[in-house]
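Descriptive structure summary
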Amino acid sequence: MRKRTLKRCLTAFWWITLVFLYLPLAVVVLFSFNASNSAASMTGLSLRWYHQLLGNEQIMAAFGNTLVLAICSSVIALVIGCLIGYGMYRHRHRKLGWLIVLIYLPIVLPDIVFGISEMAFFVQFHRLTGLLQPGLGTMVIAHVTFQIPFVALIVYSRFVGLDPTLFEAAKDLYATPVKRVVHFMLPTIKPALISAFFLSFTLSVDDFVISFFTAGPESATLPIYIWGAIKKGVSPEINAIATLMIGAVAIAAAISLLFSRKNQHSRKRQS
Amino acid sequence: MTDLTNAVNTTERLDREEARVAAADAAARGKRGASSIRMQGLRKQFGRDSIALAGVDLDIHAGEFFTLLGPSGCGKTTLLRILAGLEEADDGQLTIGGKDVIDTPPHQRSVNTVFQSYALFPHLSVRENLAFGLKMRGVAAKAREAKVAEIAQFIQLGDLVDRRIDQLSGGQRQRIALARALVCEPDVLLLDEPLSALDAGLRSQLQVELLRVQKRLGMTFVFVTHDQDEAMVMSDRIAVLDDGHIQQVGPPQEVYERPANAFVARFMGHGNLYRIHRRDGSRLSTEIGTLQMDGDSQGELVLMRPETLDLKPGHVEGPNHLPGTITERLYRGSHAEFRIRIADTTLQATVNNRGRRLPDVGDEVTVVVAPEDLVTLSE
Amino acid sequence: MSTNNIAVMGRSQGMVREARHLLFTVAPGALWIVIFLVLPSLYLMAVAFMSNGPYGLPQMPLSLNSFKQLAGVGFLGWSPGNLYTLLRSLWQTLVATGLVVLVAYPLAYYITICRAKWRPIMLLLVVVPSWTNQVIRTFGWMNLLAPGTPLSNAAEVLGFIPPNMGLYPSNFAVTLGLVYNFLPFMVLPLYAAFEKLDTAQVEAAQDLYARPARAFWHAVFPQTLPGLLAGIVLVAIPAFGMYVIPELLGGGKAMMLGNLVATQFSGGSNWPLGAAGAILMLIATFIGLFAMRRIGKRLGGGEEVVI
């Protein structure tokens with residue numbers, strides 16, 4: 001009896017929390033269709049902010065920057081992180097404590113310390129050598145730095161989950177070192193590579209603080225543009241960009257749900 | 001009338017089938033060259049003080065089913081891995097089919113392995129697993145398909161070829177692993193405890209199947225196991241290893257009936273080992289009593305195999321007659337095992353159940369052993 | 001003798017090959033992190049010990065002025081502003097972490113008692129908002145808490161805030177934003193802990209202790225402690241260094257350490273002072289990690305606690 005009351009209370013609590021979690025996002029989406037300029041009241045539905053969005057060159061440039069930054073940094077991080085993940089696996093019997101510390105460093109360092117360290121470094125480096133002017137290049141470098149650990153850990157855990165004799169079987173079956181990589185290792189860790197790429201991409205699009213401090217005047221991304229617009233006084237277009245970004249996340253969530261469903265099914269069939 | 005024709009037809013069909021199989025086998029044997037293996041002074045050490053192989057000399061003949069037998073940690077798997085090229089020997093020579101391969105990497109050796117965990121590639125289908133070695137060797141797609149089909153028929157995989165790896169049972173995986181190694185037509189096939197993960201029934205069925213495959217192909221098989229029964233059923237010859245040393249090499253019968261030393265004797269399941277106190281020509285006085293042998297002997301231990309012993313009721317005097325009392329009886333249907341107290345030690349005896357009355361616990365019996373069944377050996 | 005030498009040579013050749021392999025795979029990533037994160041951080045630490053030059057850039061000679069300034073000593077004597085900011089950061093972190101625990105604990109438990117097929121979806125629902133950009137999420141709260149919105153009006157009617165002020169900017173809005181931001185980071189490790197819960201122990205405790213509260217305290221709570229600690233690390237450390245939320249929801253009177261540090265760099269006013277603040281943040285981070293590790297080890301959950 002008491003158990004059932006408890007469960008009912010928890011169910012109510014669950015729904016309240018869900019409202020708490022989604023209300024701010026819902027408000028943004030709702031106001032993006034607002035016909036009036038005011039942030040406080042809805043006067044009717046319209047798509048005018050979306051039309052303005054398309055005409056706004058700054059926003060389009062920021063959108064392009066966001067994409068270029070996310071894709072470039074994810075690709076570089078995938079290559080470097082994949083190598084490091086494999087190295088960690090292959091040499092896991094050695095004492096690699098220093099490497100683990102190094103890999104966790106970007107994860108545990110507070111964003112703001114991360115961002116200003118890079119900024120201070122890039123500014124001084126540029127003053128001394130004339131290279132690495134703050135802009136998309138420095139942003140890619142900074143993003144790769146925080147993406148590497150995640151890629152490395154995902155790839156490493158995939159390798160650890162494999163039967164180690166598979167590597168020997170590949171050697172035994174006449175695969176040269178290059179063929180082992182192409183025909184055995186890469187296909188085997190493909191799911192891990194895909195999820196590592198998507199995680200890197202998401203981390204890059206989600207990041208604001210580190211981008212903010214490493215960006216140059218020409219390389220504003222969408223989050224930086226939104227930040228600037230908020231600081232200057234809210235323009236209703238922000239709701240429209242934000243809604244589009246929320247939509248992208250919703251699609252990503254749906255895909256990840258489908259993936260986990262599929263995995264569950266195949267696992268069930270296995271057992 | 002019809003019955004007769006049917007019967008004739010059936011036998012004819014069987015004959016034809018047999019002839020076809022024999023022809024296929026001959027063709028297969030012709031293509032697969034069996035190779036001999038020669039090892040000299042192979043040495044391997046892990047870390048500072050863990051010696052896996054302490055100088056192994058061994059010859060394996062072409063077309064032989066050869067077994068490396070020993071307890072875990074004896075070095076048998078290390079030896080197999082050196083043959084495969086997966087481990088580098090610190091020192092020593094290795095030739096396969098007359099060619100020196102000590103510095104040849106595994107992917108350049110015409111040697112294939114069936115791994116204990118099977119090591120089937122999870123990202124590939126059964127068919128792709130079977131074709132993997134051929135593909136890596138650069139065999140064209142058409143030829144690959146033909147060979148995979150051929151091996152699938154040979155091992156009788158049936159429709160398993162079209163399954164995914166995660167849809168296979170343990171026994172099926174084992175057979176795919178075997179087929180994947182065989183399809184490459186290696187000079188030597190290495191098998192690392194390939195049956196140890198299977199349950200007893202499936203295991204004995206696959207033992208027979210494996211043996212049949214080896215005989216039909218005439219390929220050199222090197223088999224690693226810690227199970228002496230399995231080793232005896234399958235092998236042409238056995239090498240018993242302990243502590244990085246080869247203790248004895250020989251056909252199963254020799255290793256079982258004439259163990260070279262106490263380790264081999266105990267590992268083959270013999271417990272009746274007794275210390276010899278004094279020798280008087282062919283008369284031995286031992287801790288279990290006085291025993292008469294045929295001719296001279298060497299070594300400080302005498303072995304009495306349980307199944308060579310006879311039990312007579314009561315205490316009877318005679319040469320090689322040892323009086324004792326039964327302390328334990330295990331009835332096993334076809335035979336019974338007895339533990340008998342003699343002098344200050346115990347002895348095990350196995351008696352076939354031929355319908356006569358089997359003695360009971362507490363009965364006084366006399367153990368009789370023929371002089372030619374006694375084996376002497378050293379520690 | 002000679003064969004022995006050959007063997008040693010063979011082995012050392014293998015070792016050289018292995019070392020080269022290690023270098024080839026690990027070096028690019030390790031060097032990347034060293035050059036683009038370790039060196040910059042070390043440089044930042046060095047900046048803290050330099051003096052402030054024109055345009056806020058650091059210059060020689062070395063001095064401890066930046067730390068004095070952080071403690072509030074300026075040209076006009078001592079002022080408590082920076083100290084308040086520090087204390088506020090600590091206080092906000094404590095309150096937000098506590099609130100997150102209070103919300104996440106029942107939530108994680110509720111997910112574990114739901115049917116297995118719903119659990120992945122429920123977890124996803126909790127996590128998805130954190131996939132959206134932090135700035136957007138915070139912007140959503142600005143919309144909700146601004147003057148004239150239903151929430152602000154309700155608070156006004158109930159007398160919590162003076163008329164026409166709105167719920168933001170305020171310390172309350174910052175706390176709310178922090179709780180919102182970090183809730184998923186606490187739910188996930190707690191859920192993992194609840195899922196591993198040994199139900200036999202719980203049932204034994206229910207037999208031993210009549211009251212459910214005691215059964216919970218003796219059987220359930222200790223088993224979820226490693227997850228709870230992991231969650232606290234994941235929430236408290238980034239919360240202490242938070243920049244976006246206090247900047248947008250807080251206004252001038254709700255600044256946290258992150259804002260103090262950022263201002264010194266973005267306004268170009270005083271790098272050494274900002275670097276000194278960053279060092280403080282690093283110290284807090286490593287103390288937090290170290291403390292959790294120690295407590296975690298004593299609880300037996302050792303390694304998994306630190307992520």
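Refer to the structure presented above.
A brief look at the structure comes next.

Turning our attention to the pattern of salt bridges. One pass over the full model with this rule turns up 23 salt bridges over all chains. Its salt-bridge partner being Arg-127 of chain B, residue Asp-162 of chain B comes within 2.6 Å of it at the nearest N-O pair. Placement of the pair is Asp-162 of chain B in the loop between helix H4 (141–154) and helix H5 (170–182) and Arg-127 of chain B in helix H3 (residues 126–136), with a sequence separation of 35 residues. By relative accessible area, Asp-162 of chain B is classed as exposed at 57%. Taking relative accessible area as the criterion, Arg-127 of chain B reaches 40% and is therefore assigned partly exposed. The salt bridge partner of Glu-328 of chain B is Arg-339 of chain B, with a shortest N-O separation of 3.9 Å. Placement of the pair is Glu-328 of chain B in strand S16 (residues 321–331) and Arg-339 of chain B in strand S17 (residues 335–342), with a sequence separation of 11 residues. Note on Arg-339 of chain B: relative accessible area 31%, which makes it partly exposed. Overlapping salt bridges bring together Glu-168 of chain A together with Arg-81 and Glu-87 of chain B as one network.

The next point concerns helix H7 (residues 171–195) of chain C. Residues and elements named next belong to chain C. Taking 1.5 Å of rise per residue, 25 residues should cover 36 Å, and H7 covers 36 Å from first to last C-alpha, within 8% of that figure. The largest bend along H7 reaches roughly 45° and is located at Phe-182, with the proline Pro-184 sitting one to four residues downstream. Most of H7 sits out of view: 18 of its 25 residues are buried.

So, about the packing of aromatic side chains. A complete count under the given rule lists 36 aromatic pairs over all chains for this structure. Centroid distance Phe-197 of chain A to Phe-201 of chain A: 6.4 Å. Interplanar angle 35°. Geometry classified as tilted. You can see Phe-197 of chain A and its partner Phe-201 of chain A sitting in helix H9 (residues 190–206), 4 residues apart, about one turn around the helix. A relative accessible area of 23% places Phe-201 of chain A in the partly exposed class. When the ring of Trp-141 of chain C is compared with that of Tyr-180 of chain C, the centres are 5.5 Å apart and the planes differ by 80°; the resulting orientation is edge-to-face. Here Trp-141 of chain C, found in helix H5 (residues 134–145), pairs with Tyr-180 of chain C, found in helix H7; they are 39 residues apart in sequence, far enough to count as distant. Assigned by exposure class, Trp-141 of chain C and Tyr-180 of chain C land together as buried. An aromatic cluster of three or more residues is present, and its members are Tyr-86, Tyr-89, Phe-159, Phe-167 and Phe-184 of chain A together with Phe-121 and Phe-132 of chain B. Over the aromatic face of Tyr-89 of chain A sits the side chain of Arg-92 of chain A, whose NZ or CZ is 4.1 Å from the ring centroid. Directly above the ring of Phe-121 of chain B sits Arg-180 of chain B, whose terminal nitrogen or CZ lies 5.0 Å from the centroid.

Rules behind the numbers
Residues numbered from 1 in each chain as written. Chains lettered and ligands numbered in written order. Predicted model: local features only at pLDDT ≥ 70, side-chain atom pairs only at ≥ 80, totals over all residues. Heavy atoms only, no water. Salt bridge = Lys/Arg side-chain N within 4 Å of Asp/Glu carboxyl O. Helix = DSSP H or I, 4+ residues; strand = E, 2+ residues; numbered from the N terminus. Buried < 20%, exposed > 50% of the residue type's maximum accessible area, 1.4 Å probe, protein only. Expected span 1.5 Å × (residues − 1). Bend = angle between axes of the 7 residues up to and from the residue. Phe/Tyr/Trp six-rings, centres within 6.5 Å; stacked < 30°, edge-to-face > 60°. Lys NZ or Arg CZ within 6 Å of the ring centre and 35° of its normal.

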